[in-house]
Amino acid sequence: MATLTLRAVCKTRHGRQQVLRDIDLDVADGEFVVLVGPSGCGKSTLLRMTAGLDSITSGDIRIGSRIVNQIAPQERNVAMVFQSYALYPHMTVAQNIAFGLRMRGMSADKVQERVAATARMLSLEALLERKPHALSGGQRQRVAMGRAIVREPALFLFDEPLSNLDAKLRSQMRAEIRNLHARLGTTSLYVTHDQVEAMTLAQRIVVLNQGGIEQIGTPEQIYECPQSTFVASFMGAPAMNLLRGRLTADRQHFDVDDGPRIPIAGAGDAGVQVEANRETVLGIRPEHVTVTSDQPIPLPVDACEMLGADNLAFGRLGKQSLVVRLPYHQRPGSGEQLGVALPAAQLHFFDGQSGRRVN
Ligand SMILES: Nc1ncnc2c1ncn2[C@@H]1O[C@H](COP(=O)(O)OP(=O)(O)OP(=O)(O)O)[C@@H](O)[C@H]1O
Ligand SMILES: [Mg+2]
């Protein structure tokens, strides 16, 4: 096992397009770190550079104590699992899993022993003689994982390994990956744009935006204390409500741009600890908006979506929208009005210009 360290890593393509800028990241020995971000933000590029499949423009990548910038992929002792599985179609499952070991000149006995142990770990014993075309998507993904595990690498790199699977299989494989990590303890960097995967697998999450790191933190830190409107709206489904406006001088009310003046529930005599009369974005998650009859904020509802366990009401405050998560039995029709409150303890405030957190 090993640590992974990235220092001031940049990637520019064709001498101009900056794909990654100044990436600093420390993954501890045995840690499971998940990289999330919108499509095209550079997640795969970062993984490929770590694996040695793509060059870096500047900076250093270190695996353990060794700088690997110039080291060939096969010498880095990393294993990568791709979304596309990338299995050899003409080889059986056993041959696919064994391939990397054979290439390294391991003895046939030893190869067989390792393949058997890996197949056991992934419940692939019954499939060892099949070819990939005769496997389901989930089974193929498991073979791809087997091929990575069997090499006993210092570092696992996963690039959206579960995104081709249906929801049920994804949740099963998520649990398997968690168990495998608990057993093997291999340092892992895992790319996904599935929030549930990020929240459930990660010891720490790295949020990437347009080639730069927006925030690094535990799932709790990222969810409870997003450092920017980008992180606030990226993590969480549905996204956090973000209302543009200004706090009033008493800091107990918020003037919604193109909307009403609304009270902040439980703000206390001193009001919330954020500068008044300044362009501000107020954030609140849909599950934190409460329904109340005590000095409610009137919220006209445009539509209500039934999710199963609960409902989402899509309301309006002037021209800005506010989504509220409601319990199963509460399902307002469109055109109805809800009375809601925004509790001070659940509010997030961001600078209206920079989008950075201010409280
Ligand atoms: N081989 C390439 N040549 C030129 N540009 C590339 C190449 N590969 C990726 N890019 C560009 O680099 C940027 C980052 O791509 P990357 O594949 O790392 O994004 P990503 O975060 O993995 O996205 P996704 O979530 O869609 O997989 C994108 O703008 C992409 O168009
Ligand atoms: Mg990608």
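- Taking an unreviewed UniProt entry as the reference, the chain is identified by name as Sn-glycerol-3-phosphate ABC transporter ATP-binding protein UgpC belonging to Paraburkholderia dilworthii.

## A short note on the UniProt feature "domain: ABC transporter" (unreviewed entry) in the chain
- In the numbering adopted here, UniProt assigns the feature "domain: ABC transporter" (unreviewed entry) to residues 4-235.
- As annotated, residues 4-235 has a helix share of 36% and a strand share of 26%, and its two end C-alpha atoms lie 25 Å apart.

## Some remarks on the sheet that holds strand S3 (residues 32-36)
- Read across the open sheet, the six strands follow the order S6-S7-S8-S3-S9-S10; overall the sheet is mixed. With one partner strand each, in any of the chains shown, strand S6 (78-82) and strand S10 (212-217) form the two edges of the open sheet. Within this sheet the neighbouring strands show an average axis-to-axis angle of 15 degrees, counted without direction.
- As paired strands, S3 and strand S8 (residues 187-191) are joined by four bridges and run parallel to one another. The partner of Val33 across the bridge, within S8, is Leu189.
- Helix H1 (residues 43-51) contacts S3, S6, strand S7 (155-159), S8 and strand S9 (204-209) of the sheet and is inclined by roughly 150 degrees relative to S7.
- Against the sheet, helix H4 (residues 137-149) engages S6 and S7, with an angle of about 170 degrees to S6.

## Here we look at the pairing of strand S4 (residues 58-63)
- Strand direction decides the pairing type here: strand S1 (residues 4-13) and S4, joined by five bridges, are antiparallel. Bridge assignment links Thr5 to a residue of S4, and that residue is Arg62.
- Between S4 and the antiparallel strand that follows it, strand S5 (residues 66-67), lie two residues; Gly64 among them carries a positive phi value of about 65 degrees.

## Side note on the layout of surface pockets
- Within this model, the largest pocket holds a volume of roughly 590 Å³.
- Taken together, 20 residues make up the lining of the largest pocket; nearest its centre are Val78, Ala79, Met80, Phe82 and Arg151.
- Examining the composition of the lining of the largest pocket, we find that five residues originate from one element, S6, more than from any other.
- Across the lining of the largest pocket, the residue classes break down as 15 nonpolar, two polar and three charged.

## Digging into the pairing of S1
- Examined bridge by bridge, S1 and strand S2 (residues 17-27) share seven bridges and lie antiparallel to one another. Bridge pairing in S2 places Thr5 opposite Asp26.
- Between S1 and S2, which follow one another and run antiparallel, lie three residues, and His14 among them has a positive phi close to 50 degrees.

## So, the pattern of salt bridges
- According to the stated counting rule, one finds 15 salt bridges in the structure shown.
- In this structure, Asp54 engages Lys11 in a salt bridge whose closest nitrogen and oxygen atoms are separated by 3.1 Å. Pair noted here: Asp54 is in the loop between H1 and S4 and Lys11 is in strand S1, with a separation of 43 residues, a long-range link. By the burial criterion, Asp54 is buried, and Lys11 matches it.
- Across the pair Glu287 and Arg325 runs a salt bridge, and its minimum N-O distance is 3.9 Å. Here Arg325 lies in strand S18 (residues 320-327) and Glu287 lies in the loop between strand S14 (280-284) and strand S15 (290-291), a separation of 38 residues in the sequence.
- By relative accessible area, which is 32% here, Glu287 ends up partly exposed.
- Taken together, the shared-partner salt bridges connect Lys11, Arg13, Arg48 and Asp54 into one network.

## Observations concerning helix H2 (residues 93-103)
- Regarding H2, the residues found buried are Val93, Ala94, Asn96, Ile97, Ala98, Gly100 and Leu101.
- Buried residues along H2 sit in contact with helix H3 (108-121) and H4.
- Just beyond H2, the residue with positive phi is Gly105, at close to 80 degrees.

## Re the domain arrangement of the chain
- Taken domain by domain, the chain holds domain 1 (4-232) and domain 2 (238-351).
- In this structure, domain 1 and domain 2 have C-alpha centres spaced 39 Å apart.
- In this complex, domain 1 contributes eight residues to the contact, which on the side of domain 2 involves seven residues.
- Taking both sides of the interface into account, the surface hidden between domain 1 and domain 2 amounts to around 600 Å²; carbon and sulfur atoms contribute 60%.
- Counting the surface domain 1 buries against domain 2, the share from its top three residues, Tyr223, Thr229 and Ala232, is 76%.
- Linking domain 1 with domain 2 are zero salt bridges.
- The interface formed by domain 1 and domain 2 includes two residue pairs in polar contact (both at pLDDT 80 or more).
- Only helix H7 (219-224) and helix H8 (229-234) provide two or more residues apiece to the side of domain 1 that touches domain 2.
- Here the side of domain 1 that touches domain 2 takes three residues from H7, the largest share from any one element.

## Things to note about the sheet that holds strand S12 (residues 253-256)
- What the five strands build is an open sheet, ordered S13-S12-S11-S14-S20; its pairing is antiparallel. Whereas interior strands pair on both sides, the edge strands pair on one side only; in this sheet they are strand S13 (261-263) and strand S20 (348-351). Averaged over neighbouring strand pairs, the angle between their axes works out to 45 degrees when direction is ignored.

Calculation criteria
- Residues numbered from 1 in each chain as written.
- Chains lettered and ligands numbered in written order.
- Predicted model: local features only at pLDDT ≥ 70, side-chain atom pairs only at ≥ 80, totals over all residues.
- Heavy atoms only, no water.
- UniProt positions renumbered as here; feature names shortened; annotations may be inferred.
- Helix = DSSP H or I, 4+ residues; strand = E, 2+ residues; numbered from the N terminus.
- Pairing = 2+ DSSP bridges.
- Axes fitted to C-alpha atoms, helices over the stretch in contact; angles between N-to-C directions.
- Contact = heavy atoms within 4.5 Å.
- 1 Å grid on protein atoms, 1.4 Å probe; cavity = no way out; pocket = protein on both sides within 12 Å on 5 of 7 lines; lining within 4 Å.
- Points joined across faces, edges and corners; volume = space filled by probe spheres on them.
- Nonpolar A, V, L, I, M, F, W, Y, C, P; charged D, E, K, R; others polar.
- Salt bridge = Lys/Arg side-chain N within 4 Å of Asp/Glu carboxyl O.
- Buried < 20%, exposed > 50% of the residue type's maximum accessible area, 1.4 Å probe, protein only.
- Domains from an automatic or database assignment.
- Buried area = accessible area lost by both parts, 1.4 Å probe.
- Polar contact = N/O pair within 3.5 Å; in protein donor to acceptor, adjacent residues only side chain to side chain.

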